[in-house]
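# Breakdown of the fold
This is what each chain is made of:
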Amino acid sequence: MTIHTDGKASAPTRRQCRTFGGTRWAIGVIIGLIAAHFTGLALLNYTSAQQQALHTQIARLREQNEALRLQLNLAGDDHSIRRWAEQMGMVRVEEQPSPIVMGVPPVDTRPILRQSRR
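Described below are features of the structure shown in this document. Worth saying up front: this structure is predicted, and the values here are computed from it rather than measured.

### A closer look at the overall build of the protein chain
Counting its regular elements, the protein chain contains two helices and two strands. The order of helices and strands in the protein chain, counted from the N terminus, is β-β-α-α. Per-residue burial for the protein chain yields a buried fraction of 2% across its 118 residues. Here the protein chain has roughly 12100 Å² of accessible surface; of this, 61% comes from carbon and sulfur atoms.

Here's what the structure looks like:
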C-alpha cells in the first residue's frame, strides 16, 4: 500500500510487489545457505570426534598386542611352562611319589585259583 500526499491509499505497484518477493526469496536463500553451513560444521565436528576416538582405540589395541606378544614369547620358554605347571599343581608322573593311603590294607594281587568241586 502506498499513501499519497492527499491521504488516499492506493494498491502497491507491480514493481513494489516484485521487489518484496525478491527480497523474501533472497532472505530464504541466505537462511538456507547458513543452515547448510552449520549442518556441515556439525558433521565435521562429529566425524573429527569419531576419528579421534578411533585413533585412541587403535593406540590402546597396539599396546595390548605388544603386551600379549611379550607374554606369548615368555610362555614358549620351557622353564616358564614348567613353572606355570607346578603353580597349577601339575607334576610329571616320574616326579610323583607313590600314593600311600593310611588305614587301608594292601590289596592282594595274587590270582585266585578255582578249586574244582568233586
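### Quick look at the pattern of salt bridges
This structure, assessed with the given rule, holds two salt bridges. Among the salt bridges present, the one from Glu-66 reaches Arg-69, with a minimum N-O distance of 3.1 Å. In this pair, Glu-66 and Arg-69 are both assigned in helix α1 (residues 14-75), three residues apart and thus about one turn of the helix distant. Across the salt bridge formed by Arg-82 and Glu-86, the nearest N and O atoms sit 3.6 Å from each other. Here Arg-82 and its partner Glu-86 are both found in helix α2 (residues 78-87), four residues apart, which amounts to about one turn of the helix.

Cut-offs and rules
Residues numbered from 1 in each chain as written. Predicted model: local features only at pLDDT ≥ 70, side-chain atom pairs only at ≥ 80, totals over all residues. Heavy atoms only, no water. Helix = DSSP H or I, 4+ residues; strand = E, 2+ residues; numbered from the N terminus. Buried < 20%, exposed > 50% of the residue type's maximum accessible area, 1.4 Å probe, protein only. Areas by Shrake-Rupley, 256 points an atom, 1.4 Å probe, with all protein chains shown as cover. Salt bridge = Lys/Arg side-chain N within 4 Å of Asp/Glu carboxyl O.

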